[in-house]
Amino acid sequence: METGKRTKVKELLNSTAYGSEVTVKGWVRTFRNNQFIAVNDGSTINNIQAVVDFANTDEALLKRLTTGAAISITGELIESLGKGQKVEVKVKQLEILGDSDAEKFPLQPKKHSLEFLREIAHLRFRTNTFNAVFKVRHALAFAVHQFFNERGFVYLHTPIITASDAEGAGEMFRVTTLDFNNTPRTEGGDVDYKQDFFGRSTNLTVSGQLEGELAAMALGEIYTFGPTFRAENSNTTRHLAEFWMIEPEVAFADLGDNMQLAEDLLKYVIAHAIKNCADELEFLKNRLLEEEKLKPQDERSELDLMAKLNFCLDNNFERLTYTEAIEILRNSNPNKKKKFKYLIDSWGADLQSEHERYLVEKHFKKPVILTDYPKDIKSFYMRMNDDGKTVAAMDILFPGIGEIVGGSQREERLNLLEKRMGEMHIPAEELYWYLDTRRFGTAPHAGFGLGFERLVLFVTGMTNIRDVIPFPRAPKTAEF
Ligand code: 4AD
Ligand code: MG
């Protein structure tokens, strides 16, 4: 360790260079007995203890050692006699870099509720929980890129502003520079988007898939990983208006290849997190155990966080068709006893999250891949099966989460795709560029979308999606 240069807490906690002089910079978590400062610099959720010789330190300076203050300490690294830590720093020089008024600083050294922390989301990074969550989020993002890079996929940057609705669901945020108070109109009285910035009506992308398909039909294997936007008014613990999605697209692949790719990806990134985020996951596991103690016994999970993650790695995901799932649900206890909010009585019904969770958490007790959904509850681009009723779709359902992945084999046959677009009122002329992939050298291909925040939810054991993205965007929520 170089003298005078800042050493990160993470490094110091693993050091045995007793007697050497070190400099630590960080924020005060607590200051006890006028003597012990717990310093955190973000490099780890663990703090280093710095011990002040209070008899020989200016009292006014000691008073400024309040929770949240930024400090710089130089001193000797010594073996700690206290329990819970191997090393500590005997302070020689102490400098306050930034004061933090104890009366006004909203974070006190005690447990705050996640709801409260959401209201002060600009400060919540300073808690152990959010330090751990965002470290795990980082590790998962890194692992996603590593996974695809190892397999020769090209990372494709698809546009954020688009003129198309990739999902055909109409849940888009409009992008415009038109003046609301003086909107240009066509002769017919409609808003004249020809005069808008892009000369057409544009919106924030709901998915990079359509552009991804264009590239896959030349590069072979691509993936996107970027923000996507949905103006759906879903105030749930699983939905965001702005979320990150990973969308691979693979030429010459069918639904079976697609399912295998998704299962491999999920297992790879979860294994990476287990390997690289041991401290964070241990902390989050204990956090969850504490939280679950507040629940009645029968609502607590059978497995703790680590056991749940390992279980997911050790077991093959259960694969079954939508039709098989409907049979299971129809004959299930909650359906017979009318416990489901939406009762399953006939084939064709869309599955609600209560049904997905029943299949995963109660019936199979492991991740499930459902395939071959009725065409009417899925998007226009999915490949029609020979029965003419179902499409080659797949959704992966995870315990505690519900749908984490949605994907399909794509309809590569031009005539069938055009027919389906017509039936679903998707404007084929506007999507001429998409249809060109089917006109020139069409080939079977498949892909899926993995909701990144739902993945982070699963791995961290957090329960609200707003707590796994730094700045959540949801209905009436865009303050920070
Ligand atoms: O099922 P979705 O809508 O599929 C697509 O967008 C396809 N274009 C994907 C593809 O085939 N390339 O979304 C995919 C995943 C969902 O399974 C879910 O995990 C996540 O994205 N997701 C959301 N996550 C957070 N908030 C929302 N509002 C989400 N909507 C979808
Ligand atoms: Mg879906």
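In short, a report on the structure. Keep in mind that this is a model prediction, so the values were computed, not measured.

On to the overall build of the chain, then. Helix and strand content of the chain: 14 helices and 16 strands. A principal-axis box enclosing the C-alpha atoms of the chain has dimensions of 85 × 60 × 45 Å. A total of 480 residues make up the chain; the buried ones form 49% of that total. Sequence-distant contacts, at least 24 apart, represent 68% of the contacts inside the chain between residues at least 6 apart. Carbon and sulfur atoms provide 50% of the accessible area of the chain, an area that totals close to 23700 Å².

As a further point, take helix α6 (residues 255–276). Helix length check: α6 (22 residues) gives 32 Å between terminal C-alpha atoms against 32 Å at 1.5 Å per residue, within 8%. Put simply, D254 is the residue that caps the front of α6, since its side-chain oxygen is 3.1 Å from the backbone nitrogen of G256.

Near ligand 1 you find 24 residues, and of these E167, Q209, E232, E247 and E403 are the closest. A distance of 3.5 Å separates a nitrogen atom of ligand 1 from a polar atom in the side chain of Y381. Here a nitrogen atom of ligand 1 and a backbone polar atom of F448 are 3.4 Å apart. Within the complex, the protein chains bury 93% of what would otherwise be the 630 Å² of accessible surface of ligand 1. A majority-of-atoms criterion places ligand 1 in the second largest pocket. Contributions of two or more residues to the shell around ligand 1 are made by β11 (242–251), β15 (402–409) and β16 (445–451). Per element, the largest residue contribution to the shell around ligand 1 is 5 residues, and it comes from β15.

Looking only at helix α9 (residues 322–330), the buried set comprises Y322, A325, I326 and L329. What you see down the axis of α9 is that its buried residues fit within an arc of 100°, all on one side. On its buried side, α9 packs onto β12 (318–321), α10 (333–336), α11 (353–364) and β13 (368–374).

Attention now moves to a nonpolar patch on the surface. A grouping of I160, I161, F197 and F198 is seen on the molecular surface, where their side chains present a nonpolar patch of about 400 Å² in accessible area. Inspection of the secondary structure puts F198 in the loop between β8 (174–175) and β9 (202–204).

Next up on the list: the layout of surface pockets. Gaps between atoms show up when a probe of the same size as a water molecule is rolled over them. For the second largest pocket, the calculated volume is near 1200 Å³. Every residue lining the second largest pocket is counted, 47 residues in all, and those nearest its centre are R230, H239, D395, E403 and R454. For the lining of the second largest pocket, the elements supplying multiple residues, two or more each, are β11, α11, β15, β16 and α14 (452–460). In terms of residues, the lining of the second largest pocket owes the most to one element, β15, which gives 6 residues.

Taking strand neighbours around the barrel as the criterion, the 5 strands line up as β1-β2-β3-β5-β4 in a closed arrangement whose pairing is mixed. Taking the axes of each pair of neighbouring strands and ignoring which way they run, one obtains an average angle of 55° across the sheet. In this sheet, strand β4 (residues 70–79) lies alongside strand β1 (residues 21–32) in antiparallel orientation, the contact comprising 7 bridges. Within β4, the position partnered with V22 by the bridge is G75.

What follows covers the pattern of salt bridges. Counted under the stated rule, the structure contains 29 salt bridges. As a salt-bridge pair, R357 and E361 come within 3.0 Å of each other at their nearest N and O atoms. Of this pair, R357 and E361 both sit in helix α11, 4 residues apart, which is roughly one turn of that helix. Judged by its relative accessible area of 30%, R357 falls in the partly exposed class. The partner of E418 in a salt bridge is R439, with the nearest N and O atoms 3.7 Å apart. One end of the pair, E418, is in helix α12 (residues 414–423); the other, R439, is in helix α13 (residues 432–439), with 21 residues separating them in the sequence.

A few words on the side chain of R466. Mapped onto the elements of the fold, R466 is located in the segment after α14. Among the polar contacts made by the side chain of R466, one reaches the side chain of N235 at a distance of 2.8 Å. Dropping the residues within four chain positions of it, R466 is found in contact with R118, R124, N235, T236, L240, P472, A474 and T477.

The side chains of a regular strand alternate, residue by residue, between the two faces of the sheet. Counting buried positions along strand β10 (residues 221–229) gives 8 out of 9 residues, so the element sits mostly inside the fold. Across 2 bridges, the pairing between strand β6 (residues 154–155) and β10 is parallel. Note on β10: the bridge partner recorded for Y155 is Y223. Taken together, the 9 bridges between β10 and β11 define a ladder with antiparallel strand orientation. Counted as the bridge partner of F225 is I246 from β11.

Here the focus is the pairing of strand β3 (residues 48–51). Across the two faces of β3 the burial is the same, with I48 and A50 and Q49 and V51 all buried. Relative to β3, strand β2 (residues 36–40) runs antiparallel, the two sharing 4 bridges. Across the sheet, residue A38 finds its bridge partner in β3, namely Q49. By the bridge criterion, 3 bridges tie β3 to strand β5 (residues 87–98) in an arrangement that is parallel. Opposite Q49, over in β5, you have E88 as the bridge partner.

Glancing now at the sheet that holds β12. Pairing in this open sheet of 8 strands is mixed, and the strands run β6-β10-β11-β16-β15-β14-β13-β12 from one edge to the other. Each end of this open sheet is capped by a strand with a single partner; those strands are β6 and β12. Lying over the sheet, helix α4 (residues 128–150) contacts β6, β10 and β11, oriented at roughly 150° with respect to β10. In this fold helix α5 (residues 209–219) packs onto β6, β10, β11 and β16, with an angle of close to 30° to the strand it touches most, β11.

Next up on the list: the packing of α5 against α13. Viewed as axis vectors pointing N to C, α5 and α13 meet at an angle of 30°, and their least axial separation amounts to 10 Å. The crossing of α5 and α13 is left-handed. Seen from α5, the contacting residues are Q209, L210, E213, L214 and M217; seen from α13, they are W433, Y434, T437 and R438.

Each value, and the rule that gives it
- Residues numbered from 1 in each chain as written.
- Chains lettered and ligands numbered in written order.
- Predicted model: local features only at pLDDT ≥ 70, side-chain atom pairs only at ≥ 80, totals over all residues.
- Heavy atoms only, no water.
- Helix = DSSP H or I, 4+ residues; strand = E, 2+ residues; numbered from the N terminus.
- Buried < 20%, exposed > 50% of the residue type's maximum accessible area, 1.4 Å probe, protein only.
- Contact = heavy atoms within 4.5 Å.
- Areas by Shrake-Rupley, 256 points an atom, 1.4 Å probe, with all protein chains shown as cover.
- Expected span 1.5 Å × (residues − 1).
- Polar contact = N/O pair within 3.5 Å; in protein donor to acceptor, adjacent residues only side chain to side chain.
- Near = heavy atom within 4 Å.
- 1 Å grid on protein atoms, 1.4 Å probe; cavity = no way out; pocket = protein on both sides within 12 Å on 5 of 7 lines; lining within 4 Å.
- Sits in = over half its atoms within 2 Å of the grid points.
- Arc of directions from axis to C-beta.
- Patch = residues over 30% accessible without salt bridge, like charges linked within 9 Å, V, L, I, M, F, W, Y side chains within 5 Å.
- Salt bridge = Lys/Arg side-chain N within 4 Å of Asp/Glu carboxyl O.
- Points joined across faces, edges and corners; volume = space filled by probe spheres on them.
- Pairing = 2+ DSSP bridges.
- Axes fitted to C-alpha atoms, helices over the stretch in contact; angles between N-to-C directions.
- Left-handed = near helix turned anticlockwise from the far one by under 90°.

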